[in-house]
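Report on the structure
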Amino acid sequence: MSATIIDGRAVAERVRAQVATRVAELARQGVTPGLAVVLAGDDPASDIYVRSKTRHAEAAGLRVFDHRLPASVDTGRLLALIQRLNADPQVHGILVQLPLPPGVASKAVLAAIDPAKDVDGFHVVNAGRLALGDPGIVPCTPLGCLILIRSVLRELAGRRALVVGRSNIVGRPMAQLLLHNDCTVTVAHSRTRDLPAICAEAEILVAAVGKPHAIAGDWIRPGAVVIDVGINRIEDAQGKSRVVGDVDYPAALEHAGAITPVPGGVGPMTIACLLVNTVNAAICAACGTDAPLVRPEASLDH
Ligand code: NDP
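Since the structure is predicted, the reported quantities are computational estimates derived from the model, not experimental observations.

This paragraph deals with the site of the ligand. Near the ligand there are 20 residues, and of these Arg-166, Ser-167, Ser-190, Lys-211 and Thr-270 occur at the shortest range. In this structure, an oxygen atom belonging to the ligand sits 2.5 Å away from a side-chain N or O atom of Ser-190. Residue Thr-270 places a side-chain N or O atom 2.8 Å away from an oxygen atom belonging to the ligand. In isolation the ligand has 930 Å² of accessible area, and contact with the protein removes 69% of it. Considering every element that reaches the shell around the ligand, the biggest residue donor is helix H10 (residues 266-287), with 3 residues. Here the shell around the ligand is built from residues that sort into 8 nonpolar, 10 polar and 2 charged.

Laid out in structure tokens, this is it:
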């Protein structure tokens, strides 16, 4: 058996096209969704992520407000900037690129963002809404994973789902999204015993560990949908650097029913969902509500 490869680039392109259509509709009502991007310091990886987010946002018709700050920036200056952006009606979404420079109180900075503009979905108010099953802004990566799962599985209700990883930005919100979609969800982590046996039961497996080959191919239940969130840089036998996921991909192809590659799987969806969240935030602002009326994933079947 050879798995269907879930083309994250193609699905992300469709999501971005849908975003562009909504942006054009909003433009007719005199609204241009605005995304403020805050980058502090000179981390090269963060610079690449921010450039990519900016490029895609502008291509979809969003207005981007770029705020670059030196690595020496302190918490007070960042908090003052966040307050200005919170008050600016042209800004509908605020993205603070992590990690912030050492010495900055990252939690305080993220907590200062208006939950209605928290397009990363990291604010405690949005995390709480997700935990309660209420509409709110959902973190981009798990939202993207859910769309990819739905691109190959029509019916999620009753499916046995396993999320490996319990971070606040990926594993935990992913588990909650699957639960809201009526899956029977297991969350595994570094203290989990007998992970292979748990994997063997999973019809849906989301790996968000951050370790290459954390999930062996022959652990995967035959026919399972496998979403690999991991981004790990390794050196191959020839000493060449390349990026791999958390799943042993060549071996997994023989067991899974469908699987995302790395790169070209989850990564493009994270950026596409950032645009979705920003446009939804602009729609909410235009309607005078502080949270979306429906959960963002509800309108995003592909
Ligand atoms: P974290 O390091 O915050 O979380 C990793 C999780 O994996 C933890 O819950 C940890 O358990 C668990 N874990 C570690 N080792 C094992 C193990 N051997 N078996 C089972 N579970 C284990 O990482 P993130 O959630 O932030 O990111 C995960 C991966 O996803 C990274 O590679 C990251 O780069 C990538 N990523 C990709 C994105 C994309 O757009 N494609 C976006 C965000 C992240 P415990 O809680 O017990 O420590």
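Moving on from the model shown.
Let us now look at the environment of Glu-13. Here Glu-13 shows up in helix H1 (residues 8-28). For Glu-13, a relative accessible area of 52% corresponds to the exposed category. Residues Glu-13 and Pro-268 lie 255 residues apart in sequence; the distance between their C-alpha atoms is 8.5 Å.

Moving on to the domain arrangement of the chain. Where interface size is quoted, it is often the accessible area lost as the parts come together. Domain boundaries in the chain define domain 1 (15-123) and domain 2 (140-267). On a C-alpha basis, the centroid separation for the pair domain 1 and domain 2 is 28 Å. Contact with domain 1, which involves 5 residues of that partner, is made by 4 residues of domain 2. Of the roughly 290 Å² buried where domain 1 meets domain 2, counting both sides, 71% is carbon and sulfur surface. If you sort the residues of domain 1 by the area they bury against domain 2, Val-15, Asp-120 and Phe-122 come out on top, with a joint share of 72%. Here domain 1 and domain 2 share 0 salt bridges between them. Applying the counting rule to domain 1 against domain 2 returns 0 residue pairs in polar contact (both at pLDDT 80 or more). Of the residues assigned to the side of domain 1 that touches domain 2, the class counts are 4 nonpolar, no polar and 1 charged.

In this section: the nonpolar core. Among the nonpolar cores identified, the biggest contains 54 residues, and Ile-149, Leu-178 and Ile-227 are the most heavily contacted of them. It is H10 that provides the largest number of residues to this core, a total of 10 residues. In this structure Ile-149 touches Leu-156, Met-174, Leu-178, Ile-204, Val-206 and Ile-227, once residues within four positions along its chain are discounted.

Moving on, we come to the pattern of salt bridges. In the structure shown here, the tally under the stated rule is 5 salt bridges. Ionic pairing is found between Arg-68 and Asp-47, a salt bridge with its closest N-O pair at 2.6 Å. Highlighted residues: Arg-68 in strand E3 (residues 63-69) and Asp-47 in helix H2 (residues 44-59), separated in sequence by 21 residues. It is possible to trace a salt-bridge network through shared partners that takes in Asp-47, Arg-51, Asp-66 and Arg-68.

Attention now moves to the sheet that holds strand E1 (residues 4-5). Spatial strand order, E1-E11-E8-E7-E5-E6: 6 strands in an open sheet with parallel pairing. Every interior strand has two partners, whereas the edge strands, E1 and strand E6 (184-188), have only one. Bridge count for strand E5 (residues 160-164) against E6 is 5 bridges, and the pairing is parallel. Along E6, the bridge assignment pairs Leu-162 with Thr-186. On top of the sheet, helix H7 (residues 171-180) reaches E5, E6 and strand E7 (204-207); it is set at about 170° to E5, its chief contact.

About the thresholds
- Residues numbered from 1 in each chain as written.
- Predicted model: local features only at pLDDT ≥ 70, side-chain atom pairs only at ≥ 80, totals over all residues.
- Heavy atoms only, no water.
- Near = heavy atom within 4 Å.
- Polar contact = N/O pair within 3.5 Å; in protein donor to acceptor, adjacent residues only side chain to side chain.
- Areas by Shrake-Rupley, 256 points an atom, 1.4 Å probe, with all protein chains shown as cover.
- Helix = DSSP H or I, 4+ residues; strand = E, 2+ residues; numbered from the N terminus.
- Nonpolar A, V, L, I, M, F, W, Y, C, P; charged D, E, K, R; others polar.
- Buried < 20%, exposed > 50% of the residue type's maximum accessible area, 1.4 Å probe, protein only.
- Domains from an automatic or database assignment.
- Contact = heavy atoms within 4.5 Å.
- Buried area = accessible area lost by both parts, 1.4 Å probe.
- Salt bridge = Lys/Arg side-chain N within 4 Å of Asp/Glu carboxyl O.
- Core = buried A, V, L, I, M, F, W, Y, C linked by side-chain atoms within 4.5 Å.
- Pairing = 2+ DSSP bridges.
- Axes fitted to C-alpha atoms, helices over the stretch in contact; angles between N-to-C directions.

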